[in-house]
Amino acid sequence: MPDGDQRWSAVDDYISDHLIGEDAIQQETLEANRKAGLPAIDVSAAQGKMLQLLAKGVGAKRILEIGTLGGYSTIWLARALPENGIVVTLELEESYAQIARTNISKAGLDDKVEIIVGEAIVTLSALDHKGTDPFDFVFIDADKQNYAPYLEHAIRLSRPGAMLLFDNVVREGEILNRDSDDPKVSGTRALYEVLHNHPKVDATAVQTVGSKKWDGFLLAITR
Ligand code: SAH
Ligand code: DHB
Ligand code: MG
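Rules and cut-offs
Along each chain, residue indices are assigned from 1 in the same order as the chain's sequence is written. All chains are assigned letters beginning at A, and all ligands numbers beginning at 1, according to the order in which they are written. The predicted nature of this model means local features are confined to residues of pLDDT at least 70 and side-chain atom pairs, given and counted, to a pLDDT of 80 or more, with totals for whole chains, interfaces and linings taken over all residues. By convention in this description, side-chain values take in all heavy atoms of the structure and omit both hydrogens and water. What counts as a helix is a DSSP run of H or I of at least four residues, what counts as a strand is a run of E of at least two, and both are numbered from the N terminus. In this treatment the radius of gyration is a C-alpha quantity, and the globule benchmark scales as 2.2 Å times the residue count to the 0.38 power. Note on classification: 1.4 Å probe, protein chains only; a residue is buried when its accessible area is under 20% of the maximum for its type, exposed when over 50%, partly exposed between these limits. Coordinating donors are taken to be N, O and S atoms lying within 2.8 Å of the metal, or within 3.2 Å when the metal is Na, K or Ca; because water is excluded from the atom set, some sites may appear incomplete. In these notes, residues near a molecule or strand are those with any non-hydrogen atom within 4 Å of it. Under this definition, polar contacts are N or O atom pairs within 3.5 Å; protein pairs additionally need one hydrogen-donor-capable and one acceptor-capable atom, and for neighbouring residues in sequence, both atoms have to be side-chain atoms. Only the protein chains shown count as covering a residue, and every accessible area follows the Shrake-Rupley method with a 1.4 Å probe. Amino acid classes used here: Ala, Val, Leu, Ile, Met, Phe, Trp, Tyr, Cys and Pro are nonpolar; Asp, Glu, Lys and Arg are charged; the rest, including Gly, are polar. By this definition, two strands are paired if DSSP reports at least two bridges between them. Every crossover in which the path from the first strand over the helix to the second runs clockwise, viewed with the strands pointing away from the viewer, is termed right-handed. Aromatic contacts are taken between Phe, Tyr and Trp rings whose centres are within 6.5 Å, Trp giving its six-membered ring; a plane angle under 30 degrees counts as stacked, one over 60 as edge-to-face, and the others as tilted. Lysine NZ or arginine CZ positioned within 6 Å of the ring centre and within 35 degrees of the ring normal marks a charge as sitting over the ring. Every angle, taken between N-to-C directions, lies between 0 and 180 degrees, and every axis is a line fitted to C-alpha atoms, over only the stretch in contact when it is a helix. For this analysis, residues touch if any pair of their heavy atoms sits within 4.5 Å.

**Student:** Is there a simple way to explain the overall build of the chain in this structure?
**Tutor:** When helices and strands are tallied, the chain shows 8 helices and 7 strands. Against the 2.2 N^0.38 benchmark of 17 Å for 223 residues, the chain shows a C-alpha radius of gyration of 17 Å, consistent with a compact globule. In terms of overall dimensions, the chain has a C-alpha envelope of 50 × 45 × 30 Å along the principal axes. For the chain, the residues scored as buried account for 46% of the 223 residues in total.

Below, the structure is given as structure tokens:
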């Protein structure tokens, strides 16, 4: 029996085998990302399917994602959409967006995904000013330094009752380290701070282990 992280990964495989099965499209996505040298920081298959089921569960027609990378989570989310639904996904790096476009295209989801390239703080403000239909579901997974401002943008851009989900809110327990000089940690801690008694959202966070080690998701519903 493997130990520690290996057991977490083995359980992820077990979950995948039973509840997800072969997914040639997403295997190709991960392979393309690996070949292009993208960091392997996409959600796991079990997490991706959870995103899909949550989005489907809230009947999401409009989904906003912050942090596309190679489009692995984007594809899971896009699969939750009904006819005419859309994922708007924000990515800083044009080269990543290019890979994501190819992956999304191969998955047959071109008409369900719009990628906007740029600093998300800027592209979110632009969406705000332009005025878009409200989002039903928001997945926040980009630079952790900006998690608190992303929360405020996400609230402004969504309908009441929308579901917001933040990735990587535990960071192997590092979020307890108030003196951390890692901006990813201080940025994530800033999110918890603003959520404490936040007037517009109700939130919780759940720790996870698996192939992506010890981390967690923060789930919020807007009022
Ligand atoms: N959601 C993806 C993983 C995203 S990794 C998945 O699970 O498959 C985080 C992504 O956020 C990276 O691609 C990174 O380039 C992007 N990112 C980092 N800073 C950003 C910023 N300021 N604006 C937009 N995207 C950013
Ligand atoms: C990092 C970012 C992620 O979104 C993730 O899931 C894991 C790690 C990172 O920037 O270190
Ligand atoms: Mg992440």
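**Student:** Is there a simple way to think about the coordination of the magnesium ion (ligand 3) in this case?
**Tutor:** Note on metal geometry: ideal angles are 109.5 degrees for four donors arranged tetrahedrally and 90 or 180 degrees for six donors arranged octahedrally. Distances from the magnesium ion (ligand 3) to its protein donors, D141 (OD), D167 (OD) and N168 (OD1), fall within 2.0 to 2.1 Å. Taken in chain order, the donor set of the magnesium ion (ligand 3) reads D-x25-D-N. A residue pair is termed long-range when its members are at least 10 positions apart, and D141 in the loop between β4 (135-140) and α7 (147-157) and N168 in the loop between β5 (158-167) and α8 (183-195) qualify at 27 residues. With respect to burial, D141 and N168 carry one shared label: buried.

**Student:** Would you mind going over the site of ligand 1 with me for this structure?
**Tutor:** As a matter of local geometry, ligand 1 sits amid 21 residues, with G67, S73, E91, E119 and D141 nearest to it. A distance of 2.9 Å is found between an oxygen atom of ligand 1 and a backbone nitrogen or oxygen belonging to V43. Here an oxygen atom of ligand 1 and a backbone polar atom of L69 are 3.3 Å apart. Considered on its own, ligand 1 offers 580 Å² of accessible surface; in the complex 91% of this is hidden by protein. Along the lines of polarity and charge, the residues of the shell around ligand 1 split into 10 nonpolar, 4 polar and 7 charged.

**Student:** I keep staring at the pairing of β4 and nothing clicks. Help me out?
**Tutor:** A regular strand places its side chains on the two faces of the sheet in alternate fashion. Most of β4 is tucked away, with 6 of its 6 residues classed as buried. In this sheet, β4 lies alongside strand β1 (residues 62-66) in parallel orientation, the contact comprising 4 bridges. Within β4, the position partnered with L64 by the bridge is V138. Assessed by its sense of winding, the connection that carries the chain from β4 through α7 to β5 is right-handed.

**Student:** Honestly, the site of ligand 2 in this entry has me stumped. Any pointers?
**Tutor:** Around ligand 2 sit I41, D141, K144, D167, N168, R171 and K184, and that is every residue in its neighbourhood. A distance of 3.3 Å separates an oxygen atom of ligand 2 from a polar atom in the side chain of R171. In the environment of ligand 2, an oxygen atom lies 2.8 Å from a nitrogen or oxygen atom belonging to the side chain of K184. Burial of ligand 2 by the surrounding chains reaches 73%, relative to a free accessible area of 300 Å². Here the shell around ligand 2 is built from residues that sort into 1 nonpolar, 1 polar and 5 charged.

**Student:** Mind showing me how you'd approach the packing of aromatic side chains here?
**Tutor:** Aromatic ring pairs are reported here in terms of the distance separating the ring centres and the angle at which the planes meet. Inspection of every chain in the model, using the stated rule, returns 2 aromatic pairs. For the pair Y72 and W76, a centre-to-centre distance of 6.5 Å together with 80° between the ring planes defines the contact as edge-to-face. Here Y72 pairs with W76, and both are found in helix α4 (residues 72-78), just 4 residues apart, close to one helical turn. Each of the two residues, Y72 as well as W76, counts as buried. Over the ring of F135 we find R62; its NZ or CZ atom is 4.5 Å from the centre of that ring. The aromatic ring of W76 is capped on one face by R79, whose charged end is 5.0 Å from the ring centroid.

**Student:** Explain the sheet that holds strand β7 (residues 215-222) to me, please; I cannot follow it from the model alone.
**Tutor:** Pairing is mixed in the open sheet, where 7 strands are placed in the order β3-β2-β1-β4-β5-β7-β6. The sheet is open, and its two borders are formed by β3 (113-117) and β6 (201-208), each paired with just one other strand. Averaged over all pairs of adjacent strands, the angle between strand axes in this sheet comes to 15°, irrespective of strand direction. Contacting β1, β4, β5, β6 and β7, α7 runs over the sheet at an angle of about 155° to β5.

**Student:** Can you help me understand the environment of S125 in this one?
**Tutor:** Within the secondary structure layout, S125 lies in helix α6 (residues 120-130). Residues S125 and H153, 28 residues apart in the sequence, show an inter-C-alpha distance of 7.6 Å.

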